[in-house]
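Structure assessment
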Amino acid sequence: MKALLKAPFVRRSVRGLTEEDEREIAASLIPEADPAEPELIAAVRGDVLADRKVMLQALPIAAAAMIPGFVVHSAAYCIAVGMSIFGLLIALFIVNVRCQIGEDAVKMNIPVHHTENGMLREYAVCYLPDGKYRIPCERNHPNPATLTVLRSNGQTYCKLNGKDKQS
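Our subject in this report is the structure included herewith. Remember, it's a predicted structure, so these values are computed and weren't measured experimentally.

Of regular secondary structure, the chain possesses four helices and eight strands. Mapped from its N terminus to its C terminus, the chain presents α and β elements in the order β-α-β-α-α-α-β-β-β-β-β-β. Per-residue burial over the chain gives 34% buried out of 167 residues. Of all intrachain contacts in the chain linking residues separated by at least 6 positions in sequence, the fraction that spans at least 24 positions is 63%. Carbon together with sulfur atoms contributes 60% to the accessible area of the chain, which is approximately 10900 Å² in total.

Set out below in structure tokens:
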């Protein structure tokens, strides 16, 4: 079965599941797709644009790093820095393509079942009819309640929404 949720860094599991995982998958439903609010589109677009801004700031720094290689006539150093700049340009192109979120985007809200601890970070776990999904939690959302999936122009964007604080 084709994955329902294809997004960067999202991992789907269909093998090695526990009985509880299989029960949750069998009980899960495909969420309804609703038109996305302009505020959500702007928030997701802002996150992607922030990544692009950081990469644009790194380009002149990487170019300046080539100067020592030219001074000492080190071809290997210049090639290594040049390859790094080339990789940065490719990543910048990919991020720029991902910035193209249309106003006709649709959203789905998927409940987060629980969180799992990984080696380096926490993962939010969601169940859909095609498997178990693990989404990396952001540092500022340690206890997410829902996963908002935004789809536009063939791209999928994920945003974890935290629980409201109880007083």
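Mapped onto the fold, Lys159 is located in strand β8 (residues 155-162). Separated by 10 residues in the primary sequence, Lys159 and Val149 place their C-alpha atoms 6.5 Å from one another. When neighbours within four sequence positions are excluded, Lys159 is seen to be in contact with Leu40, Ala43, Val44, Asp47, Thr146, Leu147 and Thr148.

We now examine the environment of Leu49. By secondary structure assignment, the location of Leu49 is in helix α2 (residues 38-64). Between the C-alpha atoms of Leu49 and Cys99, which are 50 residues apart in sequence, the distance is 6.7 Å.

Moving on, we get to the pattern of salt bridges. Scanning the entire structure with this criterion turns up one salt bridge. In this structure, Glu37 and Lys107 form a salt bridge, with 2.8 Å as the shortest nitrogen-oxygen distance. Taken as a pair, Glu37 in the loop between β2 (34-35) and α2 and Lys107 in strand β3 (residues 106-111) lie far apart in primary sequence, 70 residues in all. The buried category is assigned to Lys107, whose relative accessible area is 13%.

It is worth spelling out the side chain of Thr148 at this point. Mapped onto the fold, Thr148 is located in strand β7 (residues 144-152). On the basis of relative accessible area, Thr148 is assigned to the buried category, the value being 6%. A polar contact of 3.0 Å, which involves the side chain of Thr148, links it to the side chain of Asn109. Once residues within four sequence positions are removed from consideration, Thr148 is found in contact with Leu40, Lys107, Met108, Asn109, Tyr157, Cys158, Lys159 and Asn161.

Here His73, not a glycine, exhibits a phi torsion of approximately 55°, which is positive. For His73, a relative accessible area of 73% gives the class exposed.

Within the structure shown, the criterion is met by zero aromatic pairs. Note that Arg134 overlies the ring of Tyr123, its terminal NZ or CZ placed 4.2 Å from the centroid.

Once that is clear, we can look at the pairing of strand β5 (residues 122-128). Taking burial as the measure, the seven residues of β5 include five buried ones, the bulk of the element. Both strand β4 (residues 114-117) and β5 contribute to a ladder of four bridges, which runs antiparallel. Bridge pairing in β5 links His114 to Val125. The turn joining β4 and β5, which pair antiparallel and follow one another in sequence, is formed by four residues. Direction of pairing for β5 relative to strand β6 (residues 131-136): antiparallel, over a ladder of six bridges. Bridge pairing in β6 places Ala124 opposite Ile135. Hairpin connection of β5 to β6: two residues between the antiparallel strands.

About the cut-offs
Residues numbered from 1 in each chain as written. Predicted model: local features only at pLDDT ≥ 70, side-chain atom pairs only at ≥ 80, totals over all residues. Heavy atoms only, no water. Helix = DSSP H or I, 4+ residues; strand = E, 2+ residues; numbered from the N terminus. Buried < 20%, exposed > 50% of the residue type's maximum accessible area, 1.4 Å probe, protein only. Contact = heavy atoms within 4.5 Å. Areas by Shrake-Rupley, 256 points an atom, 1.4 Å probe, with all protein chains shown as cover. Salt bridge = Lys/Arg side-chain N within 4 Å of Asp/Glu carboxyl O. Polar contact = N/O pair within 3.5 Å; in protein donor to acceptor, adjacent residues only side chain to side chain. Phe/Tyr/Trp six-rings, centres within 6.5 Å; stacked < 30°, edge-to-face > 60°. Lys NZ or Arg CZ within 6 Å of the ring centre and 35° of its normal. Pairing = 2+ DSSP bridges.

Geometry only, nothing functional implied.
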